[in-house]
Amino acid sequence: MERAERVKRDRMLVGGILSGTSLDGVDALLLEVRGRDAESLEWEILGFLTESYTPAERNRIAETIASGGVRELTLLATDLGRRFAGVFLELLSRIGVAPDEVEAVGSHGQTVWHEPPAGGKRGATLQIGDPATLAEETGCPIVSDFRGRDMAAGGHGAPLVPWADWALLRRKGVGRALQNLGGMGNVTFLPADGTTDGVRGFDTGPGVALLDGAARRASGGTEAWDADGRRAARGRVNAELLANLLSDPFFALRPPRSTGRERFGETRLDEIVKGVRPESKEDWDGLLATLVALTAGSIARAYRDFLPSTGVDEVVLTGGGARNPALVAAIAEAVAPLPVRCGAEALGMDPDAREAAAFAILAWAHKKGIPANLPAATGASGPRVLGSLTPGGPGR
């Protein structure tokens with residue numbers, strides 16, 4: 001009876017909301033967490049919902065990030081707060097949970113700018129999706145601005161998922177490379193011994209940001225991405241262009257390292273398109289094939305240079321790029337003989353839910369006062385409790 005009461009007392013419902021660099025939509029998740037610390041953690045996903053952005057929403061976000069002024073950014077921040085709130089409330093309605101049962105919601109927000117530390121100067125980052133609007137409309141306490149404290153401590157503020165991956169997805173006896181393929185690519189290595197000592201995490205480079213941008217241009221704006229990797233599968237890799245792209249200085253940087261659309265976004269794609277001048281369908285297919293090879297090649301290089309030479313037993317792909325057969329096949333070939341796995345069975349949860357679950361568990365850690373950055377991954381001067389808390393609705 002005493003243990004049952006303790007488990008009940010330690011039970012917490014926490015939410016996670018994510019709008020990633022791929023700009024595909026809003027992910028919302030509710031996690032039941034039991035335990036006093038990460039070592040004794042038990043968890044269950046109670047619900048997960050994704051709502052895609054409309055083409056108009058996606059274009060507005062992309063254009064505002066690329067060239068919006070203060071007014072446009074401010075209005076977008078408020079509107080995204082409302083959008084996030086609507087998706088999260090819809091999730092709660094579907095699974096029959098009242099907002100006042102939720103202890104906290106971790107909201108990553110939409111990254112507008114992320115500049116890593118360099119040359120002895122600290123970095124800076126900005127994510128928008130007004131937490132006050134989100135708190136007011138859901139009634140739930142909101143934990144946001146997860147990256148800021150790590151950057152204030154000299155870190156990159158990224159990647160933030162390695163600690164969450166360790167808390168949720170470690171498997172004793174299996175060394176796992178969890179490779180996210182969102183707008184940017186990042187990897188978490190979870191060692192087989194189950195401890196945090198050997199956990200590593202860093203950005204590998206572009207995920208699907210360049211691919212999606214090229215698909216939109218190839219289709220005249222009618223396709224948001226290369227559906228099923230068909231265009232890339234038809235194309236032939238431009239070896240000269242690929243070698244030039246892989247010569248980007250980012251790929252030689254030792255971790256801790258992070259990147260974003262500032263480096264591998266529309267501006268970089270403008271430069272690539274200007275250089276190769278694709279005109280025919282075959283030209284565009286070849287560009288897509290080359291960008292697939294860039295993502296796969298940069299991942300393989302990162303593993304070779306910065307992960308243990310022994311100890312990686314499997315690669316598990318997550319994020320939107322894991323649904324692109326051409327990209328999955330290219331990665332499998334590039335990292336062979338390592339086995340590459342996809343899907344819920346490989347991960348232990350819906351792969352699309354991984355990052356929303358990460359920000360749910362980061363909100364839990366904030367409420368518990370548990371440091372949730374890994375200085376070895378981010379470069380911060382020490383462990384820090386991440387996030388800022390915005391109280392929920394009236395009386396909370």
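Residues numbered from 1 in each chain as written. Predicted model: local features only at pLDDT ≥ 70, side-chain atom pairs only at ≥ 80, totals over all residues. Heavy atoms only, no water.

## A few points about the overall build of the protein
Turning to step 1, where the next piece is worked out: Within the protein, the secondary structure is distributed over 16 helices and 13 strands.
Turning to step 2, where the next piece is worked out: For 396 residues, the compact-globule estimate of 2.2 N^0.38 gives 21 Å, and the C-alpha radius of gyration of the protein, at 20 Å, lies within 12% of that figure.
Turning to step 3, where the next piece is worked out: Over its C-alpha atoms, taken along the principal directions, the protein stretches across nearly 70 × 50 × 45 Å.
Turning to step 4, where the next piece is worked out: Taken across its 396 residues, the protein has 54% of its residues classed as buried.
Turning to step 5, where the next piece is worked out: Here the protein has roughly 16,700 Å² of accessible surface; of this, 50% comes from carbon and sulfur atoms. (Helix = DSSP H or I, 4+ residues; strand = E, 2+ residues; numbered from the N terminus. Rg over C-alpha atoms; globule rule 2.2 N^0.38 Å. Buried < 20%, exposed > 50% of the residue type's maximum accessible area, 1.4 Å probe, protein only. Areas by Shrake-Rupley, 256 points an atom, 1.4 Å probe, with all protein chains shown as cover.)

## Observations concerning the side chain of D285
Turning to step 1, where the next piece is worked out: The residue D285 is located in helix α12 (residues 281–306) in this model.
Turning to step 2, where the next piece is worked out: The exposure class assigned to D285 is buried, which follows from its relative accessible area of 3%.
Turning to step 3, where the next piece is worked out: If sequence neighbours within four positions are ignored, D285 has contacts with R231, A232, R234 and G235. (Contact = heavy atoms within 4.5 Å.)

## Some words on the packing of helix α7 (residues 209–218) against helix α11 (residues 266–276)
Turning to step 1, where the next piece is worked out: Orientation of α7 relative to α11, taken along the N-to-C sense of each, is 60°, at an axis distance of 10 Å. Between α7 and α11, the crossing angle belongs to the class labelled oblique. Once α7 is placed against α11, the crossing between them reads as right-handed. Seen from α7, the contacting residues are L210, G213, A214, R216 and R217; seen from α11, they are E266, R268, L269, D270 and V273.
Turning to step 2, where the next piece is worked out: Each residue belonging to the contact of α7 with α11 can be placed in one class, and the counts come to four nonpolar, one polar and five charged. (Axes fitted to C-alpha atoms, helices over the stretch in contact; angles between N-to-C directions. Parallel < 35°, antiparallel > 145°, perpendicular 65-115°, else oblique. Left-handed = near helix turned anticlockwise from the far one by under 90°. Nonpolar A, V, L, I, M, F, W, Y, C, P; charged D, E, K, R; others polar.)

## Comments concerning the packing of helix α9 (residues 239–246) against α11
Turning to step 1, where the next piece is worked out: Between α9 and α11, the least distance of the axes is 12 Å, while the angle of their chain directions is 150°. Here α9 is positioned roughly antiparallel relative to α11, judged by the angle of their axes. Judged by the twist between their axes, the crossing of α9 over α11 is right-handed. Seen from α9, the contacting residues are L241, N244 and L245; seen from α11, they are R268, I272 and V276.
Turning to step 2, where the next piece is worked out: Across the contact of α9 with α11, the residue classes break down as four nonpolar, one polar and one charged.

## Concerning the pattern of salt bridges
Turning to step 1, where the next piece is worked out: Summed over the entire model, instances satisfying the criterion amount to 24 salt bridges.
Turning to step 2, where the next piece is worked out: Among the ionic pairs, D248 bridges to R263, the shortest N-O distance being 3.0 Å. With D248 in the loop between α9 and α10 (261–264) and R263 in helix α10, the pair connects residues that are 15 residues apart, well separated along the chain.
Turning to step 3, where the next piece is worked out: Note on D248: relative accessible area 13%, which makes it buried.
Turning to step 4, where the next piece is worked out: Looking at R263, the relative accessible area reads 34%, which means it is partly exposed.
Turning to step 5, where the next piece is worked out: The residue E314 makes a salt bridge to R341 at a minimum N-O spacing of 2.8 Å. Note that E314 is positioned in strand β11 (residues 314–318) and R341 in strand β12 (residues 340–342), a separation of 27 residues in sequence. (Salt bridge = Lys/Arg side-chain N within 4 Å of Asp/Glu carboxyl O.)

## With respect to the sheet that holds strand β9 (residues 184–190)
Turning to step 1, where the next piece is worked out: Overall, mixed pairing links the five strands, which are arranged β10-β9-β8-β11-β12 in an open sheet. Strand pairing shows two members of the sheet lacking a second neighbour, β10 (200–206) and β12, which therefore form its edges. Neighbour-to-neighbour, the strand axes of this sheet turn through a mean angle of 25°, independent of strand direction.
Turning to step 2, where the next piece is worked out: On top of the sheet, α12 reaches β8 (176–181), β9, β10 and β11; it is set at about 150° to β10, its chief contact. (Pairing = 2+ DSSP bridges.)

## Here we look at the nonpolar core
Turning to step 1, where the next piece is worked out: One finds L287, L291, Y303 and I331 to be the most contacted residues of the largest nonpolar core, which totals 46 residues.
Turning to step 2, where the next piece is worked out: Looking at this core, the elements that each hand over two or more residues are β8, β9, α7, α9, α11, α12, β11 and α13 (325–335).
Turning to step 3, where the next piece is worked out: Top element by residues in this core is α12. It accounts for 13 residues.
Turning to step 4, where the next piece is worked out: The residues touching I331, leaving out its near neighbours within four places in the chain, are L181, A296, I299 and L317.
Turning to step 5, where the next piece is worked out: A38, V161, W163 and A365 belong to the second largest nonpolar core, which has 42 residues in total. (Core = buried A, V, L, I, M, F, W, Y, C linked by side-chain atoms within 4.5 Å.)

## Remarks on the confidence of the model for the protein
Turning to step 1, where the next piece is worked out: Residues at a pLDDT of 70 or more form 97% of the protein, whose mean pLDDT is 94.
Turning to step 2, where the next piece is worked out: Contacts of residues 1–7 to residues separated by more than four positions or lying in other chains number three contacts, the stretch itself having pLDDT below 50. (pLDDT = per-residue confidence, 0-100.)

## Notes on the environment of P206
Turning to step 1, where the next piece is worked out: For P206, the position within the fold is in strand β10.
Turning to step 2, where the next piece is worked out: Put simply, P206 and A135 are 71 residues apart on the chain and 33 Å apart in space, counted from C-alpha to C-alpha.
Turning to step 3, where the next piece is worked out: Aside from chain neighbours lying at most four places away, what touches P206 is G183, M184, G185, F251, F264, L294, T295 and S298.

## A look at the environment of G129
Turning to step 1, where the next piece is worked out: Its location among the elements puts G129 in the loop between β6 (124–128) and α4 (131–138).
Turning to step 2, where the next piece is worked out: Taking relative accessible area as the criterion, G129 reaches 9% and is therefore assigned buried.
Turning to step 3, where the next piece is worked out: Taking the C-alpha atoms as reference, G129 lies 18 Å from A158; in sequence the two are 29 residues apart.
Turning to step 4, where the next piece is worked out: Among residues more than four places away in sequence, those in contact with G129 are A77, L80, G81 and F84.

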